[in-house]
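# Working through the structure, step by step
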Amino acid sequence: SQAAPVCRIASLQLRFHNQPVDLTPSFDPDRHQYKATLDTSMDSFSVDAAPLGSAQLVGVPVNAVPIEGGHKHELTVHTTGRYCEQISYTVEVKRLDGSQTE
């Protein structure tokens, strides 16, 4: 029997209002771990994600996710589908607290 293909994400983006937040490393459907850093002025982040093919996404926040300065938030989004194997994508989002500089 053939192994089911993996359900992948076609695109995953973070933003603060209309301002994109960079993922490190940049998004690749085959890479599952990312980091993102928010400036001190960014008190929340939004997630835009799209699945590949017939897969569906679970765990994408509908509203902006608030985050306090100096804190981290681990975002995990996973794919699901009838004809493919589910897989997770994790983004560790960190907001700088004002005293930290890049």
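In the block above lies the structure referred to throughout.
The text that follows walks through the structure, step by step, so that each part is easy to find. Worth saying up front: this structure is predicted, and the values here are computed from it rather than measured.

## Quick look at the overall build of the protein
- Looking only at helices and strands, the protein has 0 helices and 8 strands in total.
- In sequence order, the secondary structure elements of the protein are arranged as β-β-β-β-β-β-β-β.
- By its C-alpha atoms, the protein is 55 × 25 × 20 Å across when sized along the principal axes.
- A burial count over the protein gives 28% of its 102 residues as buried.
- The contacts of the protein with a sequence gap of at least 6 include a subset with a gap of at least 24, amounting to 54%.
- Of the roughly 6500 Å² that the protein leaves accessible, carbon and sulfur atoms contribute 44%.
- Positive and negative side-chain charges of the protein, numbering 8 and 12 respectively, have mean locations separated by a distance of 4 Å.

## Details of the environment of Arg31
- When you line up the elements, Arg31 lands in the loop between β2 (19-21) and β3 (33-38).
- The exposure class assigned to Arg31 is partly exposed, which follows from its relative accessible area of 42%.
- Beyond its immediate stretch of four places on either side in the chain, Arg31 contacts Pro25 and Tyr89.

## Thoughts on the state of the cysteines
- On inspection of all chains with the given rule, the structure shows 1 disulfide.
- The disulfide bridge from Cys7 ends at Cys84, spanning 1.8 Å between sulfur atoms. Measuring the twist about the S-S bond at about 95°, one finds the Cys7-Cys84 disulfide to be right-handed. Placement of the pair is Cys7 in the segment before β1 (9-16) and Cys84 in the loop between β7 (72-80) and β8 (88-95), with a sequence separation of 77 residues.

## Regarding the pairing of β1
- Looking at chain direction, β1 and strand β4 (residues 44-51) are connected through 6 bridges and run antiparallel. Bridge pairing links Ser11 to Ala50 in β4.
- The pairing of β1 with β2 spans 3 bridges and is classified as antiparallel. Looking across to β2, one finds that Leu14 is bridged to Val21.
- If you look at the hairpin formed by β1 and β2, you'll find 2 residues sitting between the two strands, and His17 has a positive phi there, around 50°.

Basis of the calculations
- For every chain, the first residue of its written sequence is number 1, and the numbers climb from 1 along that sequence.
- Since the coordinates come from a predicted model, pLDDT governs what is reported: local features require at least 70, and pairs of side-chain atoms require 80 or more to be given and counted, while whole-chain, interface and lining totals use all residues.
- Side-chain calculation: all heavy atoms of the structure are included, whereas hydrogens and water are not.
- Counting from the N terminus, the helices are DSSP H or I runs at least four residues long and the strands are E runs at least two residues long.
- For every residue, the accessible area (1.4 Å probe, protein chains only) is compared with the maximum for its type, and the residue is labelled buried under 20%, exposed over 50%, or partly exposed between those bounds.
- Two residues form a contact once any of their heavy atoms are found within 4.5 Å.
- Areas reported here follow the Shrake-Rupley algorithm with a probe of radius 1.4 Å; residue values treat only the protein chains shown as occluding.
- In this count, Lys and Arg are taken as positive residues and Asp and Glu as negative ones, while His and the chain termini are left out.
- Charge positions come from single atoms, namely NZ of Lys, CZ of Arg, CG of Asp or CD of Glu.
- Count a disulfide wherever a pair of cysteine sulfur atoms falls within 2.5 Å.
- DSSP-based pairing: two strands are paired if at least 2 bridges between them are found.

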